[in-house]
Every structure is written in structure tokens, then in C-alpha cells.
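# Chain and residue survey
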Amino acid sequence: MQDFVKIHEDDNVAVALRPIEKGEKLLVAGEEVAIWEEIPQGHKFALKEIPAGEEVIKYGFRIGYAKEGIQKGQWVHVHNLKTALGDLLTYTYEPVSPKLTETEHAYFDGFRRNDGKVGVRNELWIVPTVGCVNSIAKSLEKEAQRFATGTIDAVAAFTHPYGCSQMGDDQENTRKILADMIHHPNAGGVLVLGLGCENSNIPVLMDYIGDYDKERVRFLQCQDVEDEHQEAMKILEELAAYAGSFKREKIDASELVIGMKCGGSDGLSGITANPVVGAFSDILCSKGGTTILTEVPEMFGAETILMNRCETPELFDQTVNLINDFKNYFKRHDQTIYENPSPGNKKGGISTLEDKSLGCTQKSGSSPVKGVLAYTEPVKVKGLNLLSAPGNDLVASTALAMSGAHIVLFTTGRGTPFASPVPTVKISSNSKLAGHKSNWIDFNAGRMVEDATKEDMAEALFQYVLEVASGRLVKSEEAGFHDWAIFKQGVTL
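Residues numbered from 1 in each chain as written. Predicted model: local features only at pLDDT ≥ 70, side-chain atom pairs only at ≥ 80, totals over all residues. Heavy atoms only, no water.

## Describing the side chain of Thr290
- Considering the arrangement of structural elements, one finds Thr290 in strand β18 (residues 290-293).
- With near-sequence residues (within four places) excluded, Thr290 lies in contact with Leu256, Val257, Ile258, Leu284, Val379, Val381, Lys382, Gly383 and Asn385. (Helix = DSSP H or I, 4+ residues; strand = E, 2+ residues; numbered from the N terminus. Contact = heavy atoms within 4.5 Å.)

Okay, structure coming up:
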């Protein structure tokens, strides 16, 4: 195992890959560095003297300014490093025109729906239109587990507190998200469960749903029937019969849509797990597939890298708006734009938002940006897409699924058990986490600093994703978890 890594030749800090003791002497790029103090794993140490006010460089980019003079071999963290970011910025399009070479076809075993869409799961979903019927939905989920047989993978109710007493964009977002959920191809059958008096009632939702398969999607308004549980179970039995008729078939990987998200990051996330996911993204895009990157606040400080990879000036302008709209959202609510990283991030070695963002955007690989999506907007263009959503794990992962992701890749240095509406692959940045929380972690990218290259890990992850797309359960699925969260931005009546 390596002791440290200097990520870019221009960096004036390196990252400890193991705890480094005070007094150790390390040879970095041919120069000896005597360590001043204990450096925890994932944390940074200075490779040369950095005067107060000078830039601290990691990934080849500025991650902030030295608050005070930093000595060679000294620990570099929040106590002596501050963000260099400001509010709204002016950007200039400087395209780098990345090229992606097409590679050979790959395949998985998925479900072809009648509308031509592809799913990687064949589940029965119960989707409440309003929080008032959540308890009914959960009761139905429990009783309907008997239908999870044959080719039906699971039965899940997606409860939420919304659908009524919302105003403006919040109500619109709820309706669009519900429509996205109903159309998601991972569901072989969907019961839309309404109350009857809510703002987002079934008749209102029909305008958002549009055309649909009447055998696959059924509706029940609880106020209209005497025994809603009995009626719903009849419908679920019919939906199970319909969904059970679908069988897995060979499908080209060009039809896969994969979401990319990170949470509970540590100092190794931007060195192992995120670059591995970025290399995976390049592999899938080279085969004609699609990836979606989100959590806009964690692009702040690294956004120009994505902007300059936009394929057209129009996409560049959309990405500028993506960034500035989110900054204005923070400002409207009198919140600090750069109130990040989290306590867990800092404990893991991330010091500023630039530090975090430059690590987070590693998940985008090197492919050109082909599309920019608003929250709730379905993906339309193959290749790498950027999606407007916050950094919150459940909200962002739900947003990825609702824009069409079949699977979400979730990198983490701290670990988390949550799920999303689609299979959510937990990728650890370090082997200690993978061993400690083996009931949470699906794939260990920590091996990248031990005995494997990024390219080897990315190819292994690609093969693993094909297995998941073909029916292999991830850890949260094995635990029976199905979570989701809708982005709330405004006033509740």
C-alpha cells in the first residue's frame, strides 16, 4: 500500500493514504518531507512552505488560501485553510472538446416494456398521491408481499408527506415527480393511490402523466370506495398477473442510464471511489449508454471543469444557469452559499468546498457534457448529463431515478445504509469501511491505493453494474429498503 499520493504535479499538498506519525520522513517526487505532526488517513500535508494568503493546490486546482503561514510537512486542514469562493461569478466558455472513442457492445438481461423502455427490475410500486394515505399504502405493501414471486422482484410503497398544502414550484415538482415515478420502467405494475380531496388528486395528475399503459398503471381514489384496502388488493393482484408476464431478455448496454452521487465523503473519495466511477462513466458512454451527475452545490468551485466540457455553447449557458440558479436559491433563503463541507467530510480530511467539489466532479470522468436537465426532467440525450438537484443524499438519488436512472452509483467514505427507488450501489473509498460495514457496501474502490489500478477497478465496476442490471441484488435491496425524498423548496400552507 502507498503511504501518500500527490495527485497532480502542480500540487503543493499530498494526501496521506495511511496515518502518518509525527517525525516520519517521506520522499515525495525526489524531495524529502519531514512530517511536523500526526496526519490522519485522507488528510493533507504541505509539500513546501505556503505563505499566508497563498493558494493551496490539490488536483492541480486551487482549493483555498492559507489562513496563516504553513510549513513544509505541516498538516493542512480547516485550521489553516479557507475557501476562496465568492458569490455569483461570470464565466467564459473555453471548450476543451473531449473525445470519446466508441467501444464494443456489452449486454445485460433486462425487461423490455410495451412502450419500448427498458427496466432492470420488475417490481410492483404503490405510489400515494398525498401523505394522508401513507398508512394505507404501507399496509398494502405488507400484505402484497405474497405477489413478489416468479419474475416480480419486489413490492414497495413510496410514501411521502406531500401532495397537498403546497404552493408554487413545490406543488409542481410533486406532481412531476409522481408522474416520473409512475412511468419509471423498473416498475412492472403501478398502483396510484389517491385520497380524493388533495390538491394533487388523480384527475389533476392525469395531465402530468399523459399516455400510459392501462394494464401497467391503475388508479384508486380511497374516498370513492367503501373498503379501500380490499379494492386495492384486487388491483394489486391484477397488476401482479400483468407484471409477472414479463421475462428478462438480452439488452444492449447502450440503453442503460446510470446516476452518480456521493455522500459521507472522506479524503480518499476524490482519489479512489469518485475517479473509479468517472472511469466507469467513460466506459458506459463509450458504449452508447448514459450517465447523470447531480448535487449542484457540490459542483461549486469545480464548475468550470464541467462547463468547458460542454459540447456546445448552448449547453455551456445552461450549465452556467444550473450553477447560478442554485446559488440564487441559497441567497433567496438567506443561506451561505458555501456552507459546506459537512462535519463528517471534515473529519475524513476534506477542508473546503473546492476540495470537496474537485473530488466530487471526478465522478464525471472525461466525457463531453451532452445534456443539462432541470429537476424532474427526464433524460433525453445519451452520454453524460448534468441534473439540477441538491446535495442531500435521498433527494438527489431520488432525482436521479426520476430523471430515468435505472441504477444509482453512490460513493462514500463514511458509509450509509439508505436506498433509493432504484438499486443503489454503495462504493467505498477505503477498504476499512468496506470491511467494517460489509452489510452496506457493495463495491470496494479502496483497493485502488492497495493492489489495483483505476482502469482495473472501473472495468470491474462496469461488470458488476451489468450483473446488478441483470438482477443481482445490492445490499440495500437484500435488506428490503426502498427510500425516496421529494425536493421541498417553498412554503407549506
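Having put the structure on the table, let's press on.
## Structural notes on the environment of Ala148
- Residue placement: Ala148 occurs in the loop between α1 (134-143) and β13 (155-157).
- We classify Ala148 as partly exposed; its relative accessible area is 28%.
- Separated by 25 residues in sequence, Ala148 and Glu123 place their C-alpha atoms 7.9 Å apart.
- Aside from chain neighbours lying at most four places away, what touches Ala148 is Asp153, Ala154 and Val155. (Buried < 20%, exposed > 50% of the residue type's maximum accessible area, 1.4 Å probe, protein only.)

## Side note on the layout of surface pockets
- If you add up the space inside the largest pocket, you get close to 620 Å³.
- Counting only elements with at least two residues in the lining of the largest pocket, the list comes to α5 (273-286) and α12 (454-469).
- Tallying contributions element by element places α5 first for the lining of the largest pocket, with 5 residues.
- Looking at the lining of the largest pocket residue by residue, the classes come out as 14 nonpolar, 9 polar and 4 charged.
- Of the voids in this model, the second largest pocket is the one considered here, and its volume is about 530 Å³.
- Surrounding the second largest pocket, 28 residues form its lining, Lys117, Val257, Val379, Ser403 and Gly404 being those nearest its centre.
- For the lining of the second largest pocket, the elements supplying multiple residues, two or more each, are α2 (169-183), α3 (202-209) and α10 (393-402).
- Considering every element that reaches the lining of the second largest pocket, the biggest residue donor is α2, with 4 residues. (1 Å grid on protein atoms, 1.4 Å probe; cavity = no way out; pocket = protein on both sides within 12 Å on 5 of 7 lines; lining within 4 Å. Points joined across faces, edges and corners; volume = space filled by probe spheres on them. Nonpolar A, V, L, I, M, F, W, Y, C, P; charged D, E, K, R; others polar.)

## Topic: a negative patch on the surface
- A contiguous patch of negative charge on the surface is contributed by Glu104, Glu455, Asp456 and Glu459.
- Along the chain, Glu459 falls in helix α12.
- Look at Glu459 and you get partly exposed, because its relative accessible area is 36%. (Patch = residues over 30% accessible without salt bridge, like charges linked within 9 Å, V, L, I, M, F, W, Y side chains within 5 Å. Areas by Shrake-Rupley, 256 points an atom, 1.4 Å probe, with all protein chains shown as cover. Salt bridge = Lys/Arg side-chain N within 4 Å of Asp/Glu carboxyl O. Lys, Arg positive; Asp, Glu negative; His and termini not counted. Charge placed at Lys NZ, Arg CZ, Asp CG, Glu CD.)

## Regarding the pattern of salt bridges
- The tally for this structure, following the rule as stated, stands at 23 salt bridges.
- With its nearest N and O atoms 2.8 Å apart, the salt bridge here joins Glu255 to Arg112. Residue Glu255 is located in the loop between β16 (249-252) and β17 (257-262), and its partner Arg112 is located in strand β10 (residues 107-112); the two are separated by 143 residues in the primary sequence.
- A relative accessible area of 27% places Glu255 in the partly exposed class.

## Some words on the packing of α5 against α12
- Viewed as axis vectors pointing N to C, α5 and α12 meet at an angle of 65 degrees, and their least axial separation amounts to 8 Å. Relative to α12, α5 is oriented so that their crossing is right-handed. Here Pro275, Val276, Val277, Ala279, Phe280, Ile283 and Leu284 of α5 come into contact with α12, specifically with Lys454, Met457, Ala458, Glu459, Leu461, Phe462 and Val465.
- Looking at the contact of α5 with α12, its residues break down into 12 nonpolar, no polar and 2 charged. (Axes fitted to C-alpha atoms, helices over the stretch in contact; angles between N-to-C directions. Left-handed = near helix turned anticlockwise from the far one by under 90°.)

## Side note on helix α9 (residues 353-360)
- Taking burial as the measure, the 8 residues of α9 include 8 buried ones, the bulk of the element.
- Within α9 the residues assigned to the buried category are Leu353, Glu354, Asp355, Lys356, Ser357, Leu358, Gly359 and Cys360.

## Describing empty space enclosed by the protein
- Scanning the entire structure with this criterion turns up 3 cavities of 30 Å³ or more.
- As a volume, the largest cavity reaches approximately 60 Å³.
- The element that contributes the greatest number of residues to the lining of the largest cavity is α9, accounting for 4 residues.
- Residue composition of the lining of the largest cavity, by class: 3 nonpolar, 6 polar and 4 charged.
- By volume, the second largest cavity is sized at about 40 Å³.
- Along the walls of the second largest cavity sit Glu123, Ala419, Ser420, Pro421, Val422, Pro423, Ser476, Glu477, Phe481 and His482, which together make up its complete lining.
- In terms of residue class, the lining of the second largest cavity is made up of 5 nonpolar, 3 polar and 2 charged.

## Some details on the environment of Lys327
- Along the polypeptide, Lys327 turns up in helix α7 (residues 313-332).
- For Lys327, a relative accessible area of 0% corresponds to the buried category.
- In this structure, the C-alpha to C-alpha distance between Lys327 and Asp170, residues 157 residues apart in sequence, is 18 Å.

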